Amino acid sequence: QVQLVESGGGLVQTGGSLRLSCAASGSTRLTMAWFRQAPGKEREFVAAINWSGPNTYYADSVKGRFTISRDNAKNTVNLQMNSLKPEDTAVYFCAAKFTIVLHILNDYKYWGQGTQVTVSS
């Protein structure tokens, strides 16, 4: 059973940075991703990375500001968020799957409980 635990959320001012981490247990060679859900909105995709690391995929809204990376030795995935905006405020969820196509977003099977990111204006 795959388990995902997020950390690193918090409160930051507009233009600031935060780094989220997700620790996976129970399996390796997972495609991993970050999604987010703002109050009153549907969950949306943020970024994904394949298990070996070099292939990444981003939502247009975060390209150039967010960077997804992974440390396979620690079985963790990170999301470095720079130039944060109030519209980035959301609960951020780590997700994982065994399939490998990054742009298919509806087949993530495993989810963390989420971590709150709040960007003040």
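In short, a report on the structure. For clarity, every value in this text was computed on a predicted model and none was experimentally measured.

## Regarding the overall build of the protein chain
- In terms of helices and strands, the protein chain carries 0 helices and 11 strands.
- Taken against the 2.2 N^0.38 rule, which gives 14 Å for 121 residues, the C-alpha radius of gyration of the protein chain at 13 Å falls within 12% of a compact globule.
- When its C-alpha atoms are laid out on the principal axes, the protein chain stretches across 40 × 25 × 25 Å.
- Out of the 121 residues belonging to the protein chain, those deemed buried represent 44%.
- At a minimum sequence separation of 6, the contacts of the protein chain that also span at least 24 residues come to 57%.
- In the form shown here, the protein chain has an accessible surface area of approximately 6400 Å², with 49% of it arising from carbon and sulfur atoms.
- A gap of 6 Å separates the mean positions of the 12 positive and 8 negative side-chain charges of the protein chain.

## Digging into the pairing of strand S4 (residues 31–37)
- Among the 7 residues of S4, 6 are classified as buried, and the element is accordingly described as predominantly covered.
- One ladder, built from 7 bridges, connects S4 with strand S9 (residues 90–97); its direction is antiparallel. The residue of S9 that forms the bridge with glutamine 37 is valine 91.
- Bridge analysis of S4 against strand S5 (residues 44–49) gives 5 bridges, and the strand direction is antiparallel. The residue bridging methionine 32 from the neighbouring strand is isoleucine 49, located in S5.
- Between S4 and the antiparallel strand that follows it, S5, lie 6 residues; glycine 40 among them carries a positive phi value of about 75°.

## Some points on the packing of aromatic side chains
- Scanning the entire structure with this criterion turns up 5 aromatic pairs.
- Both rings, one in phenylalanine 98 and one in tyrosine 110, keep their centres 6.0 Å apart while their planes meet at 90°; by these two values the pair is edge-to-face. You can see phenylalanine 98 sitting in the loop between S9 and strand S10 (110–111) and its partner tyrosine 110 sitting in strand S10, a full 12 residues away along the chain.
- An aromatic cluster of three or more residues is present, and its members are Phe35, Phe45, Tyr57, Tyr108 and Trp111.
- For arginine 29, the ring lying beneath its charged end belongs to tryptophan 51, and the centroid distance is 4.4 Å.

## A short note on a nonpolar patch on the surface
- Where nonpolar side chains cluster on the molecular surface, the patch consists of Ile100, Val101 and Ile104 and spans about 260 Å² of accessible area.
- Its place among the elements puts valine 101 in the loop between S9 and S10.

Definitions and limits used
- Residues numbered from 1 in each chain as written.
- Predicted model: local features only at pLDDT ≥ 70, side-chain atom pairs only at ≥ 80, totals over all residues.
- Heavy atoms only, no water.
- Helix = DSSP H or I, 4+ residues; strand = E, 2+ residues; numbered from the N terminus.
- Rg over C-alpha atoms; globule rule 2.2 N^0.38 Å.
- Buried < 20%, exposed > 50% of the residue type's maximum accessible area, 1.4 Å probe, protein only.
- Contact = heavy atoms within 4.5 Å.
- Areas by Shrake-Rupley, 256 points an atom, 1.4 Å probe, with all protein chains shown as cover.
- Lys, Arg positive; Asp, Glu negative; His and termini not counted.
- Charge placed at Lys NZ, Arg CZ, Asp CG, Glu CD.
- Pairing = 2+ DSSP bridges.
- Phe/Tyr/Trp six-rings, centres within 6.5 Å; stacked < 30°, edge-to-face > 60°.
- Lys NZ or Arg CZ within 6 Å of the ring centre and 35° of its normal.
- Patch = residues over 30% accessible without salt bridge, like charges linked within 9 Å, V, L, I, M, F, W, Y side chains within 5 Å.
- Salt bridge = Lys/Arg side-chain N within 4 Å of Asp/Glu carboxyl O.

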